[in-house]
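Secondary and tertiary structure notes
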Amino acid sequence: MLERIHLAIIREVDRQGSLTEAARMLCLTQSALSHAMKKLEQKFGTNIWLREGHRLRLTQAGQYLLAVANRLLPQLDHAEERMRQFAKGERGTLRIGIECHPCYQWLLKVVSPYLTQWPDVDVDVKQKFQFGGIGALFGHEIDLLVTPDPLYKRGLHFEPVFNYEQVLVVSRQHLLALATYVEPQQLSSEVLITYPVETDRLDIYTQFLQPVGITPKRHKIIETTDIMLQMVASCRGVAALPRWLVEEYASKMDIVPVRLGQQGITKQIFLGIRETDAGIDYLTAFVELARQPVYL
């Protein structure tokens, strides 16, 4: 019958690209690995993969099992780790995924007091799940997701933890620095600096520019907040960031926040968890701590 080792082999062969490397990673001999998969193919009467030169190509059946492996194995690994923690009397590890670049700065302020309050809980922050966090939650790769754009799915719960205003960031020497607010057309001659995110996930585009058909003179991508704001301070462009973050940097950089439109753009940060984890004390404690305004 289909066993965990079969799924592990399929996943590792896909990762490593060869039976030899997969066998080494799984601490198996290549002959044992090949024998196990041959028996599985005979059991179901279909090939898992086909050899093309020195490479293996998954068949349709193999692709299906790979998807199953990628979905189930992280859950099994997580369950085993939890059982080991229970056996040792440990609380566990809180794995946090982030779908919000500037939220990392805020998260650090919450993590520090949380570690003090919960000395038997470790925290692991995973930024690789930007814009793939929902799947990571369902796949038990993370336990909590930080996101400004919750996607409500059955089995998940999203808790709003704080409100913030998205603002335009400009240099103090910029002509817009003294403006009460900025209109979309005023950005048509500006270089807009953003994180490496699709424009349909950027509020400056979806809620401000696109509704009136305005595009900036140029769109420039920068990955880090510090470099982005150094560019803004040097009059190399403008950016859109949370007001609380801009005000923190404004004390050490030559930048100012300007409201986006007369009404401004209000956003919320949500923490998402699996409904089945709602009773885990150290997880719900993190959510409660994050809701305290002292960490904004």
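Refer to the structure above for everything that follows.
Computed from a prediction, not measured in an experiment: that's the story for all the values here.

A short note on the overall build of the chain
Broken down by element type, the chain carries 10 helices and 12 strands. Taking 2.2 N^0.38 as the reference for a compact globule, 296 residues should give roughly 19 Å; the C-alpha atoms of the chain span a radius of gyration of 24 Å, well beyond that estimate. Per-residue burial for the chain yields a buried fraction of 47% across its 296 residues. At a minimum sequence separation of 6, the contacts of the chain that also span at least 24 residues come to 73%.

What to know about the side chain of Arg274
As for its placement among the helices and strands, Arg274 is situated in strand S12 (residues 265-274). By relative accessible area, Arg274 is classed as buried at 4%. Within polar-contact distance, the side chain of Arg274 engages the backbone oxygen of Ile142 at 2.7 Å. Sequence-distant contacts of Arg274, that is, excluding residues within four places in its chain, are made with His78, Arg95, Leu137, His140, Ile142, Asp143, Gly155 and Leu156.

Re helix H1 (residues 4-16)
Look at H1: 18 Å from first C-alpha to last across 13 residues, which is about the 18 Å you get at 1.5 Å a residue. The first or second residue beyond H1 is Gly17, which carries a positive phi of 85°.

Some thoughts on the packing of aromatic side chains
Taken as a whole and assessed by the stated rule, the structure comprises 6 aromatic pairs. For the pair Trp106 and Phe162, a centre-to-centre distance of 5.2 Å together with 50° between the ring planes defines the contact as tilted. In this pair, Trp106 is assigned in helix H5 (residues 103-117) and Phe162 in strand S6 (residues 156-171), connecting sequence segments 56 residues apart. Residue class for Trp106 comes out buried when judged on its relative accessible area of 1%. Each member of the aromatic cluster is reached from another via a ring pair, and the members are Trp106, Phe162, Tyr164 and Trp244. Just above the ring of Tyr249 sits the side chain of Lys252; from NZ or CZ to the centre is 4.7 Å.

Brief notes about the pattern of salt bridges
Tallied over the full model, the rule gives 21 salt bridges. Taking the shortest distance from any N to any O, the salt bridge between Arg95 and Asp143 comes out at 2.8 Å. Taken together, the residues Arg95 in strand S3 (residues 92-98) and Asp143 in the loop between helix H6 (133-138) and strand S5 (144-147) connect sequence positions 48 residues apart. A single burial state applies to Arg95 and to Asp143, both of which are buried. Here Arg259 makes a salt bridge to Glu165, at a shortest N to O gap of 3.0 Å. Placement of Arg259 in strand S11 (residues 255-260) and of Glu165 in strand S6 is noted, with a sequence separation of 94 residues between them. Taking the relative accessible area as the measure of exposure, Arg259 reaches 33% and is therefore partly exposed. Of the residues examined, Glu165 reaches a relative accessible area of 14% and is grouped as buried. Among the ionic contacts, a cluster of salt bridges with common partners joins Arg95, Asp143, Arg274 and Asp277.

What counts and what doesn't
Residues numbered from 1 in each chain as written. Predicted model: local features only at pLDDT ≥ 70, side-chain atom pairs only at ≥ 80, totals over all residues. Heavy atoms only, no water. Helix = DSSP H or I, 4+ residues; strand = E, 2+ residues; numbered from the N terminus. Rg over C-alpha atoms; globule rule 2.2 N^0.38 Å. Buried < 20%, exposed > 50% of the residue type's maximum accessible area, 1.4 Å probe, protein only. Contact = heavy atoms within 4.5 Å. Polar contact = N/O pair within 3.5 Å; in protein donor to acceptor, adjacent residues only side chain to side chain. Expected span 1.5 Å × (residues − 1). Phe/Tyr/Trp six-rings, centres within 6.5 Å; stacked < 30°, edge-to-face > 60°. Lys NZ or Arg CZ within 6 Å of the ring centre and 35° of its normal. Salt bridge = Lys/Arg side-chain N within 4 Å of Asp/Glu carboxyl O.

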